[in-house]
Amino acid sequence: MKHNTWEDMIKPVVVLVVICIVASGALAFTNELTAPIIAQQEANAANAAFLEVLPEADGFEEITEFETSNVTKVLKATNGAGWVVQSFGKGFGGDVPVVVALDEEGAVLKVKFMENSETAGYGKKLEDATDPDAQALAESFVGKSGSIAAGDVDMISGVTVSSKAALSAVNSAINAFNEVALGQQATVEVDTSSMTEEEVRAMLAPGATLTQIDPVESATQVWQADNGGYVIYTEDKGYEYAKSPMVVAVGFDANGGITGVWVDASGQTPGIGDQAAGQEYLDQYTGIVGEPGLDGVDTIAGATQSTRGVKKAVRKAIRAFVALVPDSEAALAQEEESAESTSTTSEESSSSSEATSAPTTQTQALSQEEVLELLAPGVTLSQIDAPEGLQQAWKAEDGTAVLFAEGKGYEYEKSPLVVAVGFDASGKTTGVWVDASGQTAGIGDKAAGSDYLSQYVGLAQEADLDGVDTIAGATESSRGVKKLVRKCLQAYAAGLAN
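Conventions used here
Residues numbered from 1 in each chain as written. Predicted model: local features only at pLDDT ≥ 70, side-chain atom pairs only at ≥ 80, totals over all residues. Heavy atoms only, no water. UniProt positions renumbered as here; feature names shortened; annotations may be inferred. Buried < 20%, exposed > 50% of the residue type's maximum accessible area, 1.4 Å probe, protein only. Helix = DSSP H or I, 4+ residues; strand = E, 2+ residues; numbered from the N terminus. Pairing = 2+ DSSP bridges. Axes fitted to C-alpha atoms, helices over the stretch in contact; angles between N-to-C directions. Contact = heavy atoms within 4.5 Å. Polar contact = N/O pair within 3.5 Å; in protein donor to acceptor, adjacent residues only side chain to side chain. Salt bridge = Lys/Arg side-chain N within 4 Å of Asp/Glu carboxyl O. Expected span 1.5 Å × (residues − 1). Patch = residues over 30% accessible without salt bridge, like charges linked within 9 Å, V, L, I, M, F, W, Y side chains within 5 Å. Areas by Shrake-Rupley, 256 points an atom, 1.4 Å probe, with all protein chains shown as cover. Phe/Tyr/Trp six-rings, centres within 6.5 Å; stacked < 30°, edge-to-face > 60°.

Identification of the chain as Ion-translocating oxidoreductase complex subunit G from Candidatus Allofournierella pullistercoris is taken from an unreviewed UniProt entry. Within the UniProt record for the chain, the comment given under Subunit (unreviewed entry) is "The complex is composed of six subunits: RnfA, RnfB, RnfC, RnfD, RnfE and RnfG." The Subcellular location (unreviewed entry) comment attached to the chain in UniProt states, word for word, "Cell membrane".

Right under this line is the structure:
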């Protein structure tokens, strides 16, 4: 059979190329037509929002000369009614924009959350003016001025990242007001993510001449400054599924005081784990001398593994500095902590059996029936088939349930953690019981202590676990408990809730 090269091979290719060119041109033409319309619609929405938050204004004068970061527009009411600032914070799905009205003194008059790209049912609810949680958060800003902390407003449970983005946006609006109306210094965020290694070292050891020396244990690079300081690089994984480890650089003065911390968190989850490289979080490390000071560094809810990874890396850097300068204040601080710890341990072991028995031994020794009664008092429970991943499941007709799960805590444990979680008829947790007898005595078994477990009471969804803190010194065991409680919450939500 004779083949026609043009018909069989060349013509189809030409047709496809022509179709692609025509389609691309049509799309470009459509975009050119619609882009101005979309931009105008967004501008109209913003203008309506300006008057909505400050209806007393008879008009606005736009202020264009400002340097404060994360601010898109600053407006001054022409009749002196106040100011309106449009700003944004970094959320999970992108920018979280807000419009903020302020009085002439800088106090917040009203906050309006604009359209965002956050997750539906979570951060997306911010833009819904009828949502009670979003409304409560917006109203909680009213009357406040200066730097507003998360504890000062009604953050939305389970919407941590988006709520923090909204808080950051409002703070940026206040900072812009302080700059243009009060003449204060602009608050400018420095993008450290794109810094070269030379720029990082210059930031951590300003004005010093640095010489690279052989790294000590746990450090990947060590640079010695001519003023006695150091810049030490370390690494840590951070999020367990991270694409690449975090690189952390820590600057030290001659006494071992931290001058600053830089983090490359590009391998962490965007919008979540990469918050560990944010200046607000890293500023907590400045001025710390020795490992004991790390106890005061808070993790970021929702980015626990990444921020904990940064802390581990900084700890490595401190230990490297102490190895290099054993007579420094940082070394002395660690020696004092070690002596204090030894003294405390000695006192506890010699005082009474109460000191050596964790406050958990009473509940750890409970029988299964006693555990069920503890978590579902007065309720008749029937054992049902356990959902996948759980060991046992007990449930009452009204939806009350107690679920048992097992898992690993400390990696060198003698036996696994056993966790039981109680749920009331509405699906909220009534309490958690833990058998941590296989964990390290006096350390890991703290994960069964009432102070720690009380954090789990009243949880309604997985996202609520973000507010549960781990126990310093018993990280693996308390993290193991949290993973097992998460399993139980997932199982209840998936098929046991009435």
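Continuing now.
Engineer: Explain the pairing of strand E7 (residues 221–225) here, please?
Structural biologist: Two faces belong to every sheet, and in a regular strand the side chains alternate between them. Within E7, four of the five residues are buried, which leaves it mostly tucked inside the rest of the structure. Strand direction decides the pairing type here: strand E6 (residues 210–213) and E7, joined by four bridges, are antiparallel. Of the residues in E7, the one forming a bridge with Ile213 is Val222. As judged from the four bridges shared by E7 and strand E8 (residues 230–236), these two strands associate in the antiparallel manner. Paired with Gln221 across the strands is Tyr233, a residue of E8. Taken together, E7 and the strand that follows it, E8, pair antiparallel across an intervening segment of four residues, in which Gly228 is found at a positive phi of about 95°.

Engineer: Got a minute to help me understand the UniProt feature "modified residue: FMN phosphoryl threonine" (unreviewed entry) in the chain in this structure?
Structural biologist: According to UniProt, the positions carrying the feature "modified residue: FMN phosphoryl threonine" (unreviewed entry) are Thr160. Take Thr160: it is sitting in helix H3 (residues 160–180). With a relative accessible area of 16%, Thr160 lands in the buried category.

Engineer: Is there a simple way to explain the sheet that holds strand E15 (residues 429–435) in this structure?
Structural biologist: Taking strand neighbours across the sheet as the criterion, the five strands line up as E11-E12-E13-E14-E15 in an open arrangement whose pairing is antiparallel. Strand pairing shows two members of the sheet lacking a second neighbour, strand E11 (382–384) and E15, which therefore form its edges. Each neighbouring strand pair of the sheet contributes to a mean axis angle of 20°, computed without reference to strand direction. In this structure, strand E14 (residues 417–423) lies alongside E15, joined through six bridges in antiparallel fashion. Its bridge partner lying in E15, Phe423 is registered against Thr429. Here helix H10 (residues 368–375) sits on the sheet in contact with strand E12 (392–395), strand E13 (401–407), E14 and E15, set at roughly 155° to E15.

Engineer: Can you walk me through the side chain of Ser87 in this structure?
Structural biologist: By secondary structure assignment, the location of Ser87 is in strand E3 (residues 83–90). Within polar-contact distance, the side chain of Ser87 engages the backbone oxygen of Ala169 at 2.7 Å. In contact with Ser87, other than residues within four places in its own chain, are Asn70, Val71, Thr72, Val96, Pro97, Val98, Ala169, Val170, Ser172 and Ala173.

Engineer: Looking at this model, I keep getting lost on the pattern of salt bridges. Mind explaining?
Structural biologist: Close approach of charged atoms allows side chains of opposite charge to pair. Considering all chains together, one arrives at 10 salt bridges under this definition. Two residues, Lys125 and Asp133, come together in a salt bridge whose shortest N-O distance is 3.3 Å. Exposure remark for Lys125: the relative accessible area of 19% places this residue in the buried category. As a salt-bridge pair, Lys316 and Asp236 come within 3.9 Å of each other at their nearest N and O atoms.

Engineer: What's the story with unusual backbone geometry in this structure? I'm lost.
Structural biologist: A negative phi holds for most residues other than glycine; trans holds for most peptide bonds. If you check the backbone angles, Asn70 has positive phi at about 65° while not being a glycine. With respect to the element layout, Asn70 can be found in the loop between strand E1 (60–63) and strand E2 (71–77). Even without a glycine there, the phi angle at Ser218 is positive, about 80°. Residue Ser218 is classed as partly exposed on the basis of its relative accessible area, which comes to 35%.

Engineer: Teacher, can you tell me more about the environment of Ala138 here?
Structural biologist: Residue placement: Ala138 occurs in helix H2 (residues 132–140). Spatially, the C-alpha atoms of Ala138 and Leu126 are 8.8 Å apart, while their sequence positions differ by 12 residues. Discounting residues that sit within four places of it in the chain, Ala138 has contacts with Val111 and Phe113.

Engineer: I'm lost on the sheet that holds E6 in this one. Help?
Structural biologist: Hydrogen bonds between backbone atoms are what pair the strands of a sheet, whose relative direction is either parallel or antiparallel. Spatially, the five strands line up as an open sheet ordered E6-E7-E8-E9-E10, and their pairing is antiparallel. Each having just a single partner strand, E6 and strand E10 (258–264) make up the two edges of the open sheet. Direction aside, neighbouring strands of the sheet carry axes that sit 25° apart on average. The strands touched by helix H4 (residues 197–204) within the sheet are E6, E7, E8, strand E9 (246–252) and E10, with E10 carrying the most contacts at an inclination of about 155°.

Engineer: Even after reading the chapter, I still don't get H3, so can you show me in this structure?
Structural biologist: Because an α-helix packs 3.6 residues into every turn, residues spaced three or four apart end up facing the same way. Here H3 spans 30 Å end to end across 21 residues, near enough to the 30 Å set by a 1.5 Å rise per residue. Summarising burial for H3: 17 of the 21 residues are buried, a large majority.

Engineer: How should I be thinking about a nonpolar patch on the surface in this particular structure?
Structural biologist: A cluster of nonpolar side chains, Trp6, Met9, Ile10, Val14, Val18 and Val22, forms an exposed patch at the surface whose accessible area comes to about 570 Å². You can see Ile10 is positioned in helix H1 (residues 5–53).

Engineer: How should I be thinking about the environment of Trp83 in this particular structure?
Structural biologist: Note on placement: Trp83 falls in strand E3. Look at Trp83 and you get buried, because its relative accessible area is 6%. For the pair formed by Trp83 and Leu109, sequence separation is 26 residues and the distance between their alpha carbons is 9.4 Å.

Engineer: What is the right way to read the packing of aromatic side chains from this model?
Structural biologist: Each aromatic ring pair is summarised here by two numbers: the centre-to-centre distance and the angle between the ring planes. Counted under the stated rule, the structure contains seven aromatic pairs. With a centroid separation of 5.7 Å and 85° between ring planes, the pair formed by Trp83 and Phe177 is classed as edge-to-face. Remark: Phe177 occurs in helix H3 and Trp83 occurs in strand E3; sequence separation between them is 94 residues. For the pair Trp83 and Phe177, a shared accessibility class is recorded, and that class is buried. Grouped by ring-pair contacts, the aromatic residues Tyr230, Phe252 and Phe321 constitute a single cluster.

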